[in-house]
Amino acid sequence: MKKNSFLWAALSMTAALVMTACSNDDNANESPVQQSTVKTIPYSVTVNEGATTRATVESDNKTLKFAVGDKLYISGTDIHGVLDIQDGTGTTFSTFSGSLTYSGEGSPAANLELTATLVSAQQNVGTEVSVDAAGAVTVNYPTTSYCGDVATAVQKYSNLTGTSTYGLKSFSLTQQTAFLNFVITFEDGTTTGTGLSAVVSNNSAAICTANVTTVTDNGVKAKFVLPVAKGTTLSSANVKFGDKAAISFGASQTLDGKVYNVTKTQATPTLTLTSPSVGQVIGSDGKNYAAASVPSGVTKVAMIAYVSGSNGLAIALADEGTMKWAPAVTTAAAHTPVFSNGTWKLPSKDDWDNMITAAGGYTALRDGFSSVGGSNLYLNDYWSSTEVEGNPDYAWTFAFVLGDWVYTSKVSNYPVRACLAF
């Protein structure tokens, strides 16, 4: 964090003193009393090396310069005003000028404390920035928005403040915003162009939701920048992308006013099942749990529906969609999250039979675990991967309405449900 001094230009002002008139000889020796009057005071300040007070974005060596529309807010007891940028845009040297409104007695005292806040032109008063009646500025950190890159985030959400006195006329502004720069690499089969909802949480409370699309950059990555207030303490902080396992970061640290790079990897999770049984769920961390006992930060991804020794099948908890048979086979195989020692697939006719039997019948598989977040199957026909023998234009579907198998034309549209073989 860098600090910079503001060199204030000379201040000219005129102060009027209002004195009480003498009404008789009895009060002729009383001292004059100053009354409060509102005064408009012309004010100008020159700022040197201002860009470094915002931030130097080391990742791309870009130094942000002053821009048209930048403002300097001044506030203190009975005094406030907004100074507009006059010159020096695009450089690190600029002049701000405007007027201060003073409603105190007499003229401002030399030791009157003032606060200066630099507000970027990209901030909008009333949204990113709010200003109260006394001229005090508050930066409102986003809770459902974010920035795609550090330079934009620093320009838009920097909160630079400093205190001084009216007589000293110089300020050193310091950054009051911390920037979490997320660069997450996916090694779990996620492809470029995948839309993901990233939820950032701190101490179990969600602080931001960012909708991002993965890009190719020495691997498949998701990138976004979250501004938070300086002084925020991270505790059990994590970022979670949909059904994927949560990624922890920044445990037990208090943030300063600078950029923090969160470079983490979403690796392929491994299935580590302990005594799996029908009705348990498999979490995004690859472990099995009682359906009502999944820990915070872990998402249910499948329900165990069949076990044979250490092997078995778990039914995904949501349909892949409704489609013809050919894409149904490949779509089910692309279900996420990817596990290093498990296989997503479209259940075969035998797979469906094994899961239905193990679950206690087709109504039990469909409805029996719904109260604890079970299979969520519907009263519909579901594709299997098994073709009708001797007739390659047809494949088998299981009708959960009838509780029986139906052979169906492959060009028909039916729901697809993946299963995980372990």
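Our structure is the block above this text.
Residues numbered from 1 in each chain as written. Predicted model: local features only at pLDDT ≥ 70, side-chain atom pairs only at ≥ 80, totals over all residues. Heavy atoms only, no water.

1. Observations concerning helix 3 (residues 325-333)
Part 1: Along helix 3, the residues classified as buried are W325, A328 and A332. Down the axis of helix 3, the buried side of the element spans an arc of 45°, and every buried residue falls inside it.
Part 2: Close packing links the buried residues of helix 3 with strand 27 (321-323), strand 28 (343-345), strand 29 (381-388), strand 30 (391-399) and strand 32 (414-416). (Buried < 20%, exposed > 50% of the residue type's maximum accessible area, 1.4 Å probe, protein only. Helix = DSSP H or I, 4+ residues; strand = E, 2+ residues; numbered from the N terminus. Arc of directions from axis to C-beta. Contact = heavy atoms within 4.5 Å.)

2. What about unusual backbone geometry?
Part 1: Look at the link from T336 to P337: it is a cis peptide, with omega at 0°.
Part 2: Considering the arrangement of structural elements, one finds P337 in the loop between helix 3 and strand 28.
Part 3: Positive phi outside glycine occurs at D78, with the angle close to 65°.
Part 4: For N376, which is not glycine, the phi dihedral falls at a positive 60°.
Part 5: Counting through the fold element by element, N376 comes out in the loop between helix 5 (362-368) and strand 29.

3. With respect to the environment of T331
Part 1: With respect to the element layout, T331 can be found in helix 3.
Part 2: Among residues more than four places away in sequence, those in contact with T331 are E320 and M323.

4. Considerations on the packing of aromatic side chains
Aromatic ring pairs are described here by two measures, namely the spacing of the ring centres and the angle between the planes.
Part 1: The final tally for this structure, using the stated rule, is 13 aromatic pairs.
Part 2: Taking the centre distance of 5.2 Å and the plane angle of 75° together, the rings of F398 and W405 count as edge-to-face.
Part 3: The exposure class of F398 is buried, given its relative accessible area of 4%.
Part 4: Here W405 falls in the buried class, since its relative accessible area comes to 15%.
Part 5: Through successive ring pairs, a cluster of aromatic residues spans W352, Y362, Y382, F398, F400 and W405.
Part 6: In this structure, K349 packs its charged tip against the face of W396, placed 5.3 Å from the ring centre.
Part 7: The lysine or arginine in question, K410, covers the ring of W325, its NZ or CZ lying 4.1 Å from the ring centre. (Phe/Tyr/Trp six-rings, centres within 6.5 Å; stacked < 30°, edge-to-face > 60°. Lys NZ or Arg CZ within 6 Å of the ring centre and 35° of its normal.)

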